[in-house]
Amino acid sequence: DSNAPCTLLFPDGTQYIGTIKNGEITGKGIYKFINGSTYEGEVLNGLRHGKGVFKSEDVLYEGEWKNGLKDGKGRMKQDEMELEGNWKEVILEGKCTIKWKSGNIFEGEMQENEMGGNGYMIWYNKSEKYTGQWKNNLQNGFGIHIWYDTKSNNKFFRDRYVGQWKDGKRNGYGIFFYSTS
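Asks: Just checking my understanding: could you explain the overall build of the protein chain for this structure?
Replies: Of the regular secondary structure elements, the protein chain holds 0 helices and 15 strands. Taken over the C-alpha trace, the protein chain has a radius of gyration of 23 Å; the compact-globule value for 181 residues is 16 Å, which it surpasses by more than 25%. Oriented by its inertia axes, the alpha-carbon framework of the protein chain measures out at about 75 × 30 × 25 Å. Within the protein chain, buried positions represent 33% of all 181 residues. Sequence separation of at least 24 residues holds for 5% of the intrachain contacts in the protein chain that already meet a minimum separation of 6. Carbon and sulfur atoms form 49% of the exposed surface of the protein chain, whose accessible area is close to 11,400 Å².

Asks: Got a minute to help me understand the environment of Lys88 in this structure?
Replies: Counting through the fold element by element, Lys88 comes out in strand 8 (residues 81–88). Setting aside anything within four residues of it in sequence, one finds Lys88 in contact with Lys70, Asp71 and Glu93.

Asks: Would you mind showing me how to read the layout of surface pockets here?
Replies: Empty space among the atoms becomes apparent when a probe as large as a water molecule is rolled across them. Volume-wise, the largest pocket comes out at about 200 Å³. What lines the largest pocket is a set of 15 residues, and nearest its centre among them are Met76, Met81, Leu83, Leu92 and Asn113. Those elements that provide at least two residues to the lining of the largest pocket are strand 7 (69–78), strand 8 and strand 9 (91–100). For the lining of the largest pocket, the per-class residue count stands at 10 nonpolar, 3 polar and 2 charged.

Asks: What's the story with a negative patch on the surface in this structure? I'm lost.
Replies: There is a patch of like negative charges on the surface, built from Glu57, Asp58, Asp79 and Glu80. Position of Asp58 relative to the elements: it lies in the loop between strand 5 (47–55) and strand 6 (59–66). Here Asp58 falls in the partly exposed class, since its relative accessible area comes to 45%.

Asks: I keep staring at the pairing of strand 10 (residues 105–111) and nothing clicks. Help me out?
Replies: Side-chain direction in a regular strand flips from residue to residue, so the side chains alternate between the two faces of the sheet. Pairing of strand 9 with strand 10 involves 6 bridges; the strand directions are antiparallel. Across the sheet, the residue bridging to Thr97 is Glu107, located in strand 10. Between the antiparallel neighbours strand 9 and strand 10 lie 4 residues, among them Gly103 with a positive phi of about 105°. Note: strand 10 against strand 11 (residues 114–123), 6 bridges, orientation antiparallel. The partner of Glu107 across the bridge, within strand 11, is Tyr120. Counting the residues in the hairpin turn of strand 10 and strand 11 gives 2 residues, including Glu112, whose phi is positive at 50°.

About the thresholds
- Residues numbered from 1 in each chain as written.
- Predicted model: local features only at pLDDT ≥ 70, side-chain atom pairs only at ≥ 80, totals over all residues.
- Heavy atoms only, no water.
- Helix = DSSP H or I, 4+ residues; strand = E, 2+ residues; numbered from the N terminus.
- Rg over C-alpha atoms; globule rule 2.2 N^0.38 Å.
- Buried < 20%, exposed > 50% of the residue type's maximum accessible area, 1.4 Å probe, protein only.
- Contact = heavy atoms within 4.5 Å.
- Areas by Shrake-Rupley, 256 points an atom, 1.4 Å probe, with all protein chains shown as cover.
- 1 Å grid on protein atoms, 1.4 Å probe; cavity = no way out; pocket = protein on both sides within 12 Å on 5 of 7 lines; lining within 4 Å.
- Points joined across faces, edges and corners; volume = space filled by probe spheres on them.
- Nonpolar A, V, L, I, M, F, W, Y, C, P; charged D, E, K, R; others polar.
- Patch = residues over 30% accessible without salt bridge, like charges linked within 9 Å, V, L, I, M, F, W, Y side chains within 5 Å.
- Salt bridge = Lys/Arg side-chain N within 4 Å of Asp/Glu carboxyl O.
- Lys, Arg positive; Asp, Glu negative; His and termini not counted.
- Charge placed at Lys NZ, Arg CZ, Asp CG, Glu CD.
- Pairing = 2+ DSSP bridges.

What follows is the structure, given as structure tokens:
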């Protein structure tokens, strides 16, 4: 038991290099897993706990951990997207930002890993923006959808819908404004 770095090799091939206190893996260390993924950061009783970075072939998560799970503020890059926000036991909750490699952006509230609550989405390639209420990753409730005319800087040259949405489609009362280009 010391604060000097120790190396442990587990039967499944996992390697730990870091501190051990009172017979427990506690402090700061590095886990190297046999599948090539790593974790570097704070640990408590053998679990990722505190601030740390997890890297695998297709995921990078940098942020807070609790009892081995993503919990707290963090940023994750995965496949074609980057998510930044607050995790609660690996579930993204509350305010967050999602950026896709395509240029699309969502900024708003998440509920159980899905867009839910208030937020906006910009579809870069389509030159569209929706601002309003979300549920189950779709526009639900009141919102404003704008289609931008990319050939003009005049903000009046755009179509827009202001009204009710259900499951990603205009539904209920609303007004559609057509541009006069």
